[in-house]
Amino acid sequence: MTLKKSASLALMALAVSFFIGCSSKEDRDKYDQWYGSGSKAREEAALVKLQSDRKVAAEQATAAAAEKAAAPAASPAATGDSATAAPAADAPAAAPKRKPVPADVSALLNKHACFACHQAYDKVIGPAYSEVAKKKYTPDQIVELVHNPKPEHWPGYPPMAPLAHVPKADIVVIANWINSL
């Protein structure tokens with residue numbers, strides 16, 4: 001008698017879980033966009049945009065360098081030292097600062113597979129660490145966001161899976177490096 005009841009309850013639970021899992025077309029479309037066939041198109045579009053952004057940035061950098069090189073030649077030099085010192089001081093401001101990832105931080109990022117979705121300065125699947133640094137999160141906030149991500153903090157990106165298995169100490173080391181960018 002109890003076997004008959006438990007079998008029918010199990011069948012009902014299976015039906016309910018199937019119904020809940022496939023609850024709406026909107027949910028299925030969201031899933032497909034981030035994880036199904038729509039993800040390929042989204043990733044390809046992101047790569048094309050990234051390549052075009054890099055090309056535009058390179059063109060702007062060469063145009064700015066050409067402009068700076070032409071500026072001292074076109075203007076009369078009152079003093080030799082001040083005319084050459086000004087372009088040299090402006091050159092580092094034109095190029096974005098890209099600090100290398102320290103070896104200990106790189107080892108942690110590889111160990112926990114963070115580089116699969118994030119890079120230091122380039123958007124991959126998730127935001128670049130330099131973009132995260134602009135949000136000025138504290139290390140404790142970053143620990144909380146790794147263990148329990150909040151998609152509303154990063155609209156336009158796929159939701160991050162909770163990484164509760166990553167030790168807090170490792171995340172704090174990574175967070176301190178992120179905040180140094």
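Look above for the structure.
The rules we used
- Residues numbered from 1 in each chain as written.
- Predicted model: local features only at pLDDT ≥ 70, side-chain atom pairs only at ≥ 80, totals over all residues.
- Heavy atoms only, no water.
- Axes fitted to C-alpha atoms, helices over the stretch in contact; angles between N-to-C directions.
- Helix = DSSP H or I, 4+ residues; strand = E, 2+ residues; numbered from the N terminus.
- Parallel < 35°, antiparallel > 145°, perpendicular 65-115°, else oblique.
- Left-handed = near helix turned anticlockwise from the far one by under 90°.
- Contact = heavy atoms within 4.5 Å.
- Nonpolar A, V, L, I, M, F, W, Y, C, P; charged D, E, K, R; others polar.
- Expected span 1.5 Å × (residues − 1).
- Buried < 20%, exposed > 50% of the residue type's maximum accessible area, 1.4 Å probe, protein only.
- Arc of directions from axis to C-beta.

A.B. asks: Explain the packing of helix 7 (residues 139–147) against helix 8 (residues 168–180) here, please?
C.D. replies: The description of two packed helices rests on the angle between their axes and on the distance between the axes. Between helix 7 and helix 8, the shortest axis-to-axis distance is 9 Å and the interhelical angle comes to 120°. Our classification of the angle between helix 7 and helix 8 gives oblique. The way helix 7 lies across helix 8 gives a crossing that is right-handed. Of helix 8, the residues touching helix 7 (which contributes P139, D140, I142, V143, V146 and H147) are K168, I171, V172, A175, N176 and N179. A breakdown of the residues in the contact of helix 7 with helix 8 according to their chemical character gives 7 nonpolar, 3 polar and 2 charged.

A.B. asks: Would you take a moment to explain helix 8 for this structure?
C.D. replies: The α-helix winds at 3.6 residues per turn, so residues separated by three or four positions along the chain end up facing the same way. Here helix 8 spans 18 Å end to end across 13 residues, near enough to the 18 Å set by a 1.5 Å rise per residue. For helix 8, the full list of buried residues reads D170, I171, I174, A175, W177 and I178. Buried residues of helix 8, viewed axially, fall in a sector of 165°; they line one side. Of the surrounding elements, those touching the buried residues of helix 8 are helix 5 (103–111), helix 6 (129–134) and helix 7.

A.B. asks: When you look at helix 5 in this model, what are you seeing that I'm missing?
C.D. replies: Taken residue by residue, helix 5 has V105, L108 and L109 as its buried positions. Down the axis of helix 5, the buried set is contained in an arc of 100°. They therefore lie on one face. Seen from the buried face of helix 5, the exposed residues on the opposite side, beyond 90 degrees, are A103 and K111. Buried residues along helix 5 sit in contact with helix 6 and helix 8. At the C-terminal side of helix 5, A113 shows a positive phi close to 60°.

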